[in-house]
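Structural characterization, general
Chain by chain, the residues run as shown.
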Amino acid sequence: MRRIIIFIIFFLASFHIGCDFVFGEGIQERFKDKDSIVYKISFNGIPSGYINWKYLGKQYIDGKEVEALSVSSDTKILKFLNLTSNEKVFIDSKNHLPVRVERDIVLFGRKEFIEEIYNQEKGTVKIIRRNSHVKERVLKQTSPIHNILALLYFFPKDIGLEKSRWMNFNLPNQKIRIKMVRQRMLSTAAGKKETYFLVGRGAKRFNLWLDKESRLPLRLEFIFLVGKIIIVKQN
């Protein structure tokens with residue numbers, strides 16, 4: 001059970017997909033002058049943590065202009081998971097492909113720093129870990145390689161969502177597919193919202209409600225035998 005929940009939380013913070021999509025607007029515009037975008041996490045109805053996004057502006061990595069984001073999270077699910085993380089995500093400003101991800105995490109009291117370096121031309125992701133006996137490894141995957149931070153949380157507006165059509169994607173370590181099931185009303189703290197309801201299939205199944213206008217996720221669900229993890233947008 002613990003391994004399943006850890007997988008899901010890391011999935012939320014490190015999900016990568018591969019398809020050559022173009023964003024209809026920049027990452028900055030998704031914040032609409034807000035300092036941050038906050039999500040609350042619950043497990044079987046019990047408040048269990050948060051995910052907090054901030055936009056850090058444009059920067060340069062190896063001469064490439066990138067959009068910089070920070071994401072902090074704190075998740076405690078009974079005895080199964082105790083994870084705190086502070087991460088930075090750097091996304092190419094032109095095509096919104098990930099360039100680098102830096103993770104500073106504390107899992108069950110054990111601190112670790114993980115860096116992911118993307119080479120889209122070669123189709124590789126180099127994983128560098130501190131405080132681990134395996135310091136470095138390289139994952140091969142079909143290019144282009146995306147990141148969930150740029151997809152599920154900042155879903156490209158230019159993707160044509162056709163009902164019941166599966167879209168196939170590449171993660172560094174697996175293949176997944178996503179389809180839009182239907183348009184659906186969702187009750188939120190701010191009232192009812194029109195959404196696109198999507199389902200995902202891979203190593204784990206998930207459901208996703210996207211705001212029809214902004215395409216920001218309003219709700220994410222991961223369902224398994226012993227319960228349900230729900231992530232809900234707060235602002």
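Treat the numbers as computed from the prediction; the structure is a model and nothing was measured.

Calculation rules
In every chain, residue numbers begin from 1 and rise along the written sequence. For this predicted model, a pLDDT threshold of at least 70 governs which residues receive local features, and a threshold of 80 or more governs which side-chain atom pairs are given and counted, while totals over whole chains, interfaces and linings are taken from all residues. No hydrogens and no water enter the side-chain calculation; it runs on all heavy atoms of the structure. Under the scheme used here, helices are H or I runs from DSSP no shorter than 4 residues and strands are E runs no shorter than 2 residues, and both carry numbers assigned from the N terminus. Only protein chains enter the area calculation, which uses a 1.4 Å probe; residues under 20% of their type maximum are buried, those over 50% are exposed, and those in between are partly exposed. Contacts are residue-level and defined by heavy atoms, with any inter-residue pair within 4.5 Å sufficient. Per-residue and other accessible areas were derived by the Shrake-Rupley procedure at a 1.4 Å probe size, with only the shown protein chains allowed to occlude residues. Stacked, tilted and edge-to-face are the three classes assigned to paired rings of Phe, Tyr and Trp, where Trp is represented by its six-membered ring and a pair needs centres within 6.5 Å; plane angles under 30 degrees give stacked, over 60 edge-to-face, the rest tilted. Counting as a charge over the ring demands two things of the Lys NZ or Arg CZ atom: a distance within 6 Å of the ring centre and an angle within 35 degrees of the ring normal. Nonpolar cores were defined as sets of buried Ala, Val, Leu, Ile, Met, Phe, Trp, Tyr and Cys residues, with membership established by side-chain atoms within 4.5 Å. By the criterion applied in these results, polar contacts are pairs of N or O atoms within 3.5 Å in which, for protein atoms, one can donate a hydrogen and the other can accept it, and in which residues neighboring in sequence qualify only through two side-chain atoms. Think of a 1 Å grid over the protein atoms and nothing else: a 1.4 Å probe that fits but is trapped marks a cavity, an open set flanked by protein within 12 Å on at least five of seven lines marks a pocket, and residues with an atom within 4 Å of a point count as lining. Grid points are joined across faces, edges and corners, and a volume is the space filled by probe spheres set on the points. Residues were grouped as follows: Ala, Val, Leu, Ile, Met, Phe, Trp, Tyr, Cys and Pro as nonpolar; Asp, Glu, Lys and Arg as charged; and all remaining residues, including Gly, as polar.

Some points on the overall build of the protein
Scanning the protein from N- to C-terminus turns up three helices and 14 strands. Looking at the protein residue by residue over its 235 residues, the buried ones come to 54%. Sequence-distant contacts, at least 24 apart, represent 46% of the contacts inside the protein between residues at least 6 apart. Entry remark: accessible area of the protein is about 11,600 Å², with carbon and sulfur atoms responsible for 49%.

Notes on the packing of aromatic side chains
The tally for this structure, following the rule as stated, stands at three aromatic pairs. Ring geometry for Phe197 against Trp209: centres 4.8 Å apart, planes inclined by 45 degrees, an arrangement best described as tilted. You can see Phe197 sitting in strand β11 (residues 191-201) and its partner Trp209 sitting in strand β12 (residues 206-211), a full 12 residues away along the chain. Of the two residues examined, Phe197 and Trp209, each falls in the buried class. Over the face of the ring belonging to Phe197 we find Arg184, whose NZ or CZ atom lies 4.7 Å from the ring centre. For Arg219, the ring lying beneath its charged end belongs to Trp209, and the centroid distance is 5.5 Å.

Things to note about the nonpolar core
Trp53, Leu69, Phe154, Leu198 and Ile231 are the most contacted members of the largest nonpolar core, which totals 46 residues. Excluding residues within four positions of it along the chain, Leu198 makes contact with Phe155, Leu161, Ile178, Lys179, Met180, Val181, Phe206, Asn207, Leu208 and Leu210.

Let's talk about the environment of Met180
Position of Met180 relative to the elements: it lies in strand β10 (residues 175-188). With 20 residues separating them along the chain, Met180 and Gly200 place their C-alpha atoms 9.1 Å apart. With sequence-adjacent residues up to four places away left out, Met180 is seen in contact with Leu161, Glu162, Lys163, Ser164, Arg165, Tyr196, Phe197 and Leu198.

Describing the environment of Thr188
Topologically, Thr188 is positioned in strand β10. Along the chain, Thr188 and Val232 lie 44 residues apart, while their C-alpha atoms are 8.8 Å from each other. Ignoring sequence-local partners within four residues, the contact set of Thr188 consists of Lys193 and Leu218. Reaching out from Thr188, the side chain makes a polar contact with the backbone oxygen of Gly191 at a distance of 2.5 Å.

Topic: the layout of surface pockets
Each pocket or cavity is described by its volume, and for the second largest pocket that value is around 450 Å³. Lys193, Asp211, Leu218, Lys233 and Asn235 are, among the 21 residues lining the second largest pocket, the residues nearest its centre. Where the lining of the second largest pocket is concerned, the elements lending two or more residues are α2 (27-31), β10, β13 (217-224) and β14 (227-233). Within the lining of the second largest pocket, the residues separate by chemical class into eight nonpolar, five polar and eight charged.

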